[in-house]
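Below are the chains, spelled out letter by letter.
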Amino acid sequence: MFSSLRRWGASSSYARLPWGPQAQKCSPEKNASFFSKMTYSWFSRIIILGYKKPLEREDLFELNESDSSYTVCPIFEKQWRKEVLRNQERQKVKSSFHKETHTRKPSLLCALWNTFKFVLIQVALFKVFAVILSFTCPLIMKQMIIFCEHGPNFGWSGYGYALALFIVVVLQTLILQQYQRFNMLASAKIKTAVIGLIYKKALLLSNASRKKFSTGEIINLMSADAQQLMDLTANVNLLWSAPFQILMAMSLIWQELGPAVLAGVAVLVFVIPLNAFVATRMKQLKKSKMRNKDKQIRLLYEILHGIKILKLYAWEPSYKKKVIKIREQELEIQKSAGYLAVFSMLTLTCIPFLVSLATFCIYFLLDEGNILTATKVFTSMSLFNILRLPLFDLPMVISAVVQTRISLGRLEDFLNTEELLPQSIETNYIGDHAIGFTNASFSWDKTGIPVLKDLNIKIPEGALVAVVGQVGSGKSSVLSAILGEMEKLTGVVQRKGSVAYVSQQAWIQNCILQENILFGSVMQKQFYERVLEACALLPDLEQLPNGDQTEIGERGVNISGGQKHRVSLARAVYSGADIYLLDDPLSAVDVHVGKQLFEKVIGSSGILKNKTRILVTHNLALLPQVDLIVVMESGRVAQMGTYQELLSKPLSLANLLQAFSGQEQAHALKQVSVINSRTILKDQTLEQNDRPLLNQGKQFSVKKETVPVGGVKFSVILKYLRAFGWLWVWLNVATYLGQNLVGIGQHLWLSDWAKEAKHMSDFAEWKQRRSNRLNIYGLLGLMQGLFVCSGAYALTRGSLAASRTLHAQLLDNVLHLPLQFFETNPIGQIISRFTKDMFIIDIRFHYYLRTWVNCTLDVVGTILVIVGALPLFILAVIPLVFLYFTIQRYYVASSRQIRRLAGASRSPVISHFSETLSGVPTIRAFGHEQRFIQQNKEVVNENLVCFYNNVISNRWLSVRLEFLGNLLVFFAALLAVLAGNSIDSAVVGLSISYALNITQSLNFWVRKACEIETNAVSIERVCEYENMDKEAPWIMSKRPPSQWPNKGIVEFMHYQARYRDDLGLALQDITFQTHGEEKIGIVGRTGAGKSTLSNCLFRTVEGSGGKIIIDGIDISSIGLHDLRGKLNIIPQDPILFSGTLQMNLDPLDKYSDGQLWEVLELCHLKEFVQSLPRKLLHEISEGGENLSVGQRQLVCLARALLRKTKILILDEATASIDFETDNLVQATIRKEFSDCTILTIAHRLHSVMDSDRMKTILVVPVVADELLG
């Protein structure tokens, strides 16, 4: 039975379907006709459906198989492995010739090229054809101007030119949209491949590598750096197409204006060093920004993971300042980048003007007889306009290349970091013992100090082994060594068979409880129910709203600590492994449950009786029942043998037992007997009479991220504009209006100049007029430059103000949300608002707004110019504008919802990534890396499906909008032909050149309007928390006296509490009163409400009836920080933050080093800290992973000693430390908090034996209040 349960695959809930987990709607693209593919008509059904109703995930088309993550990731991984092998071969060859060689890393770029080269070449070919066609239009326009000058001589050729112009622009549209489609999907595939490789690498990192890369940094690699790679891929063809366009444009202008074009080239050459400077500076800013982003994400990730500690200690303002400090540094970088963008804007707008001005000046100087005709002016100006985008794009793409080099470097650093060496353990060993250590020493990294030294242990098959020792003696490290999580320095390690692992801090997945237990194994109902019963989970299933189908939140937030450990144990038992590594699973459960787990699971009569079990424990009462005891001391095996053998030796075990011996042990056993009999009696009563009440309490389901429907409210845009600042808003509008008016003035001036030159007979007068014309043309260009600079400056200032305000509001709103919010919402949802959504607000949204305003003014100006030249043009404009808005209405409804679905699909990617990183040891122990890699492909693929539908919807829109724009070009050309000689050729040139531009402007106008609405979803998401229920104010007008509480009298008066309005009561009619400086013990079964009682004291759970009064003040009448700042707690989960030990002890920097050393001595940590190289400045890794759980609890005790207040709550504060240290800690607490009221929540009865009174909490409407002894 056991062996069959190890299988997972096709029958797993994560099994792969034809080409994705949900192939509800296969894409019809593959079977569509050629015309349908070119025009994207096959996608129309989604657009129409989206107009009729809000789109849902099930409505979207699935990816083509070649584009899915299931296809892309394996191909890329294969190429990456080849690149790694090639690099190793290169290094070998180099080292054979040179003694010292520079180590070259495997190139991620080479692997990407080898994987995607054919797709990228296909994309480049589309771009070539599109670029060539873009130069055909000015040449046809030139022939049309000549036709208008000599109309009668050309006959019907004018209509031919008009038709040719229409065919060319239509072809250009179709090819360009195919280029965009393949380009965007190729870039998405590259991102997908990189994310897949990062995820796989994260599962293989050694412990030393994990120290280099925090969870936040790895997530940033996946989101920011992979996105940077994708963005560059989308624009990489500009590296060759932009110079190619510039060269083609210059060669065609040479044909019009001769050598004068070299003046324009000189201007371009002059600009190149400036662009190089900008690119270099942008590279430096990018590096700084990425460092800041890493810091910010790491800090936010830790804040959200440790939010309970922050709230209990009222540390939110302190950590808020830390985030804002990093954010201000980021905004300073953004400001510098914004000012550099002023130069970019100047390049985009003014370089074509400067090139044309220089060219015209030299053209006149070369030969005074040179005259600007309409043909020369408008052909040249059309070519200068073509120059505009490549001139703007080239420096931007060079800058992007520079930035991507940084991202590539970061990705390569990560992908080439050290991995765990599977060969450090012999897993294929065949012998008479299950686990063997021979002279083995281990460290957490290759260069580190040995943590385990000279281990010589042989564990027989089927044995139950207990590993005991003081805090920090290396007990958990022994299990890590067996798993291969540590670096083996010397010796031999052998392991026979498969492994199941129960970590000291239970790792729970964000999925239903059944999936947490099955963990990918095949369901066998009879054995499954047997496991549930053995692990004491059946009563818990009755409490859960949907039994074993209840969804468990991130990190198991909606179940108690004891339930987490039992689910984790059930997962291990169900796996059917050969070896079980159990890291203190009994510490978080009460006495009865612990006894049941040992008897029915771990012990000699348990479900695992024939398996090899290694149990790390502090419960020395279990030692007589084990087969072998290993006593650890300072990383060495101090003693090893059976219980009777070790009792005869006067060493380590005797020292440990001394803490649990004599009268205290007898007293504790007596109390266990008393409490057992009393509680069993009450449980029986409860079972008979009050079973329905078990469905009450802390049971809630995890909230899925909601996807808004309908249009984005204008109030959302208005909120952004208010944050932007009305002064900067109107200044932007004014500058862009001025910029467009001056631009129109330039073209009208040139048109009038060409018209005047045609009729000028006096050469001297022409020379005079020419100088005036040139001067005014230059003045108009100067004015345009000033407007551009002013607009860019106003945009930078306004966007910074908006970014600062919205981020500060988001952070403030998140920190004011109640604790229940964080327990029901995955961290990925919150993090994505601080990363992706704030990125859109910081970088993109103001750009879309600016572009839309600019395009609106441009379109209006263009139509007015063409209608002024060709009045009948208005007849074509009116119906086409109606069609534009009709198409836009259909598109926006669908696109907006697809974008929202894409935003919602990003959060599971981040959540699954962070969940995996926190559970890597468990995943590796069970050997389920491949299953989790498959799950990652699934969540990435879901996001990719939304992206694919979004890309196709954009192409669907562009084809239709550009076709309408092409009709406008055709009508303008046709009207010019029909007018014949009745209008001047300069007017024809002006109208057709503007008509050629309107296609792009109208397309941009509609697209940016849609982008504004779809990207406003990010503002909507950032502001979403604003309207959620917040916890009570931190500070209220009524404030307690500064010395409050001075007595420590806590009174519960008919107190009731529930976790949510729609749930039953978690505490019912609680009434009791402590005396000042009294010690109260609070005991009860797992899930009875012990921790809820402490939550109510701190008001992380608000009361729904009754009062809590502390020293005469109702705690509901004062601010949360006035309350929490005057209470003290040592919490159940010892959470530490990355940073120094000093920062973890004193984050507010209130105490001196002397005071810190004093509390460390009281907590029995002084000797350990003094042994560290940097003492108080020792760097704590993320989550405190470089300290044992027991040491973390002692650090939390030290915090409490520093923060000494009149009331102290101990919530399972010593569950993870050995009995000897526990006794020392209890003695410290008795001495240091002798004048305080102490409420002790504990499973260990000896932890509450010193209490003056005992509270036994049950899930009934009364509280037993009994005096013990």
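Residues numbered from 1 in each chain as written. Predicted model: local features only at pLDDT ≥ 70, side-chain atom pairs only at ≥ 80, totals over all residues. Heavy atoms only, no water.

Asker: Give a detailed account of helix H5 (residues 108–149), specifying residues and quantitative values.
Answerer: Between its terminal C-alpha atoms H5 stretches 59 Å, which fits the 62 Å expected from 42 residues at 1.5 Å a residue. Of all the bends in H5, the greatest, near 70°, is centred on Phe116. Here H5 starts with a cap whose side-chain oxygen sits 3.3 Å from the backbone nitrogen of Leu109, and that cap is Ser107. (Helix = DSSP H or I, 4+ residues; strand = E, 2+ residues; numbered from the N terminus. Expected span 1.5 Å × (residues − 1). Bend = angle between axes of the 7 residues up to and from the residue. Polar contact = N/O pair within 3.5 Å; in protein donor to acceptor, adjacent residues only side chain to side chain.)

Asker: Outline the packing of aromatic side chains, supporting the account with residue identities and numerical values.
Answerer: Under the criterion given, the structure shown has 30 aromatic pairs. Considering the side-chain rings of Trp42 and Phe43, the 5.8 Å spacing of their centres and the 85° angle between planes classify their relative orientation as edge-to-face. Summarising the burial analysis for this pair, Trp42 and Phe43 share the class buried. A network of ring pairs unites the aromatic residues Phe166, Phe963, Phe970 and Phe971 as a single cluster. A cation over a ring is seen here: Lys322 above Tyr319, with NZ or CZ 4.4 Å from the ring centre. The side chain of Arg931 reaches across the aromatic face of Phe519, ending 4.7 Å from its centre. (Phe/Tyr/Trp six-rings, centres within 6.5 Å; stacked < 30°, edge-to-face > 60°. Buried < 20%, exposed > 50% of the residue type's maximum accessible area, 1.4 Å probe, protein only. Lys NZ or Arg CZ within 6 Å of the ring centre and 35° of its normal.)

Asker: With reference to specific residues and values, describe the pattern of salt bridges.
Answerer: The final tally for this structure, using the stated rule, is 39 salt bridges. The partner of Asp413 in a salt bridge is Lys105, with the nearest N and O atoms 2.1 Å apart. Separated by 308 residues along the polypeptide, Asp413 in helix H14 (residues 374–415) and Lys105 in the loop between helix H4 (69–97) and H5 bring together distant segments of the chain. Among the residues examined, Lys105 registers a relative accessible area of 38% and is labelled partly exposed. Beyond isolated ion pairs, a larger network of salt bridges with shared partners links Lys293, Arg327, Glu330 and Asp842. (Salt bridge = Lys/Arg side-chain N within 4 Å of Asp/Glu carboxyl O.)

Asker: A description of the sheet that holds strand E1 (residues 433–443) should follow, citing residues and the corresponding values.
Answerer: With antiparallel pairing, three strands are arranged side by side in an open sheet as E2-E1-E4. The sheet terminates laterally at strand E2 (452–460) and strand E4 (487–495), the two strands that pair on one side only. On average, each strand axis in the sheet is tilted by 0° relative to the strand beside it, whichever way the strands run. Pairing of E1 with E4, which is carried by seven bridges, proceeds in the antiparallel orientation. (Pairing = 2+ DSSP bridges. Axes fitted to C-alpha atoms, helices over the stretch in contact; angles between N-to-C directions.)

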